[in-house]
Amino acid sequence: MNSSDIDWELEEGIPQVDDPFIQQYLKGRTSLVLEEQKQRYDTNLRKALSPVARKACDIVSKIRAHDLTNLGLNEGNPRQLTSTPQTSRISHLTRDEVQKTDLWRILQKMPKGSLLHAHMETMLDIDFVIAEAFKTPGIHIYAPKPLASQQDYEEGIFYFRYSPPVQNLENEPTLWDPSYEPSRLVSLQKAASSFPDGGEAGFHAWLKKRCTFASAHSYHHGSDDTYKTLSSVVISLLSYEPIFRSCLRQMFSQIAADGINYVEIRNSFTFPYIQEGSSTPEEDYSAWCRAFQEELERFRGTEGGKTFCGARIIWTASRTLSNREISGSMINCILAKQDFPEVICGFDVIGQGGDARSLVDLVPILFWFRKQCAEEGVDIPFLFHTGENGCDDKQAEHDLYDAILLGARRLGPGESLYKHPLLLELIKEKRILVECCPIVKGITGQTDSTQVDLLSVLLSRGVPVSLSSYLPDLSERGLNSLTFEFWQALQGPDNLELPGLAMMVENSIRWSCYEDQSTVEWQSDIREGILGEGIKAARLRDWYAGFEKFCEWIALEFAEADIS
């Protein structure tokens, strides 16, 4: 300010910055800012950062700002498609654009802790699954009715199953023929070669499209038909031991390569499990659990799996089933838990759409399940997939009440939580983790100008959050799932930085079901965190040691980088 302006202000009696009462105001303002900053979700973590970690965090912040400008993600940039929250910002980016950034390279190396929200059928590379089906002898396809019209190709239900070769059926019509006998097995090779739209090459393209369509929409558009399609395309293939084992090996390898060292996978046990070469399906899922456990241990013995802590299964049942059908699934879950307690870590009910039941409608059968678990001496906690916006947002909101009252240890994705301040406080009080999947809406196109950025809301309210990703469309984009989720989170409008990501990784470890625990043990471990004496505390210490090395790498690798 020049001298003439100062003279004018003094003449007009405008207070000056160095006046005592203005200084008092500014002092109070600073105190208010500092007090608010104490409430940040990552305050304690920031205080504990080493000097090299602080330096690394500063570097990442500068690289983030650089990327926001260069990739056209800043507000007002012409490449910004909309002004919606962060989930819409990636829709115009290509794989190469993202993967060429320094931020992507950094996040690829970041140790990511646990992946807690993952569905088996969406964790697999579709091309790999299809290839395994074609090279596995005895895989057949069948459908409840012929797939003879364009609508049938796009929406028709079909299933896969292993069976020894069926003789004298070479001239029988395939499922593309109107005269096809419903549910009759057709060899995969014959079905592919006779596909009306391009033969085997056309069949491969059609099958991949059906897989991708089902995966992208089944959980987010509320259609039970698309959920059944997903089951038919992927889950039915996983019901045969050789394909299941090979897919597990590929899945564990991809998860570990993405910096994840523990995963909990939801699986719907929809189809009977068939062991290799058997013509008779298993009566329960003990053999399935044995195969899962064996492949996990085999992978952990490899070079790629030496830092992988483990994987467990969250047993899921469809909300479209009757109580009688759900009880059958629950009994199988308890039997599997008794035979392989290390494999099963929780129970969930999933599905949306007109036929999907609300949690309050399922309360009686869920209480029955608890009673059966107590009588059989097993502890299988609830880990609910709920609060997801779809075709019935009101039900999604109401389900949140029941998830909390039923004692869920975690819930997700919880997209409608922002409307319920009381529930947010209850979640904090009861130490329930929200498994947030913010990128889902950007990938599926469910963004609009009124959408709330859930991650920002949860973090600002101090709700414990972990980042998850369960859409295979990410593999379609050539983008590793959780790395992309972390990259996307840093592009948001809430100034999330590396300490914020680290805090969410810590949460994922604190809320992992590494072992079976009573409610008291569970709460104690979460409360004590790294200061505890159990497995979680040890895993947290290991992760922080790895995070420190990661920060040292950033500080060295980008010490001379021009990121101003």
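What counts and how
Residues numbered from 1 in each chain as written. Predicted model: local features only at pLDDT ≥ 70, side-chain atom pairs only at ≥ 80, totals over all residues. Heavy atoms only, no water. Pairing = 2+ DSSP bridges. Helix = DSSP H or I, 4+ residues; strand = E, 2+ residues; numbered from the N terminus. Axes fitted to C-alpha atoms, helices over the stretch in contact; angles between N-to-C directions. Buried < 20%, exposed > 50% of the residue type's maximum accessible area, 1.4 Å probe, protein only. Salt bridge = Lys/Arg side-chain N within 4 Å of Asp/Glu carboxyl O. Core = buried A, V, L, I, M, F, W, Y, C linked by side-chain atoms within 4.5 Å. Domains from an automatic or database assignment. Phe/Tyr/Trp six-rings, centres within 6.5 Å; stacked < 30°, edge-to-face > 60°. Expected span 1.5 Å × (residues − 1). Disulfide = S-S within 2.5 Å.

The name an unreviewed UniProt entry assigns to the protein chain is adenosine deaminase, from the organism Aspergillus nomiae NRRL.

Asker: Any details on the sheet that holds strand β6 (residues 310-318)? Residues and values, ideally.
Answerer: Strand pairs in the sheet, formed through backbone hydrogen bonds, run parallel or antiparallel to each other. Taken together, the 4 strands give an open sheet; going across it, the order is β1-β5-β6-β7, and neighbouring strands pair in parallel fashion. Of all the strands in the sheet, the pair left with one neighbour each is β1 (113-119) and β7 (344-350). The sheet shows a mean angle of 25° between the axes of neighbouring strands, taken without regard to direction. Taken together, the 7 bridges between strand β5 (residues 260-268) and β6 define a ladder with parallel strand orientation.

Asker: Run through the environment of D542, naming residues and quoting values.
Answerer: Inspection of the secondary structure assignment puts D542 in helix α24 (residues 535-557). What makes D542 exposed here is its relative accessible area of 55%. Taking the C-alpha atoms as reference points, D542 and G113, 429 residues apart in sequence, are found 9.9 Å from one another.

Asker: So what about the pattern of salt bridges? Which residues, and what values?
Answerer: Counted according to the given criterion, the structure contains 28 salt bridges. Between D348 and R266 there is a salt bridge, with its nearest N and O atoms 2.8 Å apart. Pair noted here: D348 is in strand β7 and R266 is in strand β5, with a separation of 82 residues, a long-range link. An identical accessibility class is assigned to D348 and R266; each is buried. With its nearest N and O atoms 3.2 Å apart, the salt bridge here joins E425 to R461. Remark: R461 occurs in the loop between α19 (454-460) and β11 (465-467) and E425 occurs in helix α17 (residues 421-429); sequence separation between them is 36 residues. Using a relative accessible area of 35% as the deciding quantity, one classes E425 as partly exposed. Take R461: its relative accessible area is 32%, and that puts it in the partly exposed class. What you see here is one network of salt bridges that share partners, running through E241, R245, R249, E294, E295 and R298.

Asker: Can you tell me about the nonpolar core, naming the residues and giving the values?
Answerer: With 152 residues, the main nonpolar core has F292 and F347 as its most contacted residues. No other element matches the 8 residues that helix α12 (residues 241-257) contributes to this core. In this structure, this core is formed jointly by two domains, domain 1 (96-128 + 240-552) and domain 2 (137-225), each of which donates at least three residues.

Asker: Talk me through the packing of aromatic side chains; I want residue IDs and the actual numbers.
Answerer: Under the criterion given, the structure shown has 36 aromatic pairs. Consider the rings of F158 and W206, whose centres lie 5.0 Å apart with planes at 35°: the pair is tilted. In this pair, F158 is assigned in the loop between α8 (150-155) and β3 (159-162) and W206 in helix α10 (residues 199-217), connecting sequence segments 48 residues apart. Comparing F158 with W206 shows no difference in burial state: the two are buried. Ring plane angle 85° and centroid distance 5.7 Å describe the contact between Y285 and W315, whose orientation is recorded as edge-to-face. Separated by 30 residues along the polypeptide, Y285 in the loop between β5 and α13 (286-300) and W315 in strand β6 bring together distant segments of the chain. Here Y285 and W315 have matching classes, each one buried.

Asker: Can you tell me about helix α4 (residues 51-70), naming the residues and giving the values?
Answerer: With 20 residues, α4 should reach 28 Å at 1.5 Å per residue; the first-to-last C-alpha distance of 29 Å fits that figure. Of all the residues in α4, the buried ones are A53, A56, C57, I59, V60, I63, R64, D67 and L68.

Asker: Please set out the state of the cysteines residue by residue, giving values where relevant.
Answerer: Under the definition given, this model contains 0 disulfides. Cysteine C289 is unpaired, with the sulfur of C333 as its nearest cysteine sulfur at 8.8 Å.

Asker: Describe the sheet that holds β11, naming the residues involved and giving the relevant values.
Answerer: Read from one edge of the open sheet, 4 strands run β8-β9-β10-β11, paired in parallel fashion. Looking at the sheet topology across the chains shown, the edges are occupied by β8 (383-386) and β11. Averaged over all adjacent pairs, the angle separating strand axes in this sheet is 25°, with direction ignored. With 4 bridges connecting them, β8 and strand β9 (residues 410-413) associate as parallel partners. From the neighbouring strand, T386 faces β9, where its bridge partner is P413.

Asker: Please give an account of unusual backbone geometry that cites residues and values.
Answerer: Omega for the peptide link from G412 to P413 comes to 0°, which places this bond in the cis form. Mapped onto the elements of the fold, P413 is located in strand β9. Even without glycine at this site, S183 takes up a positive phi of about 70°. Summarising the element assignment, S183 is placed in the loop between β3 and β4 (186-187). Among the residues examined, S183 registers a relative accessible area of 43% and is labelled partly exposed.

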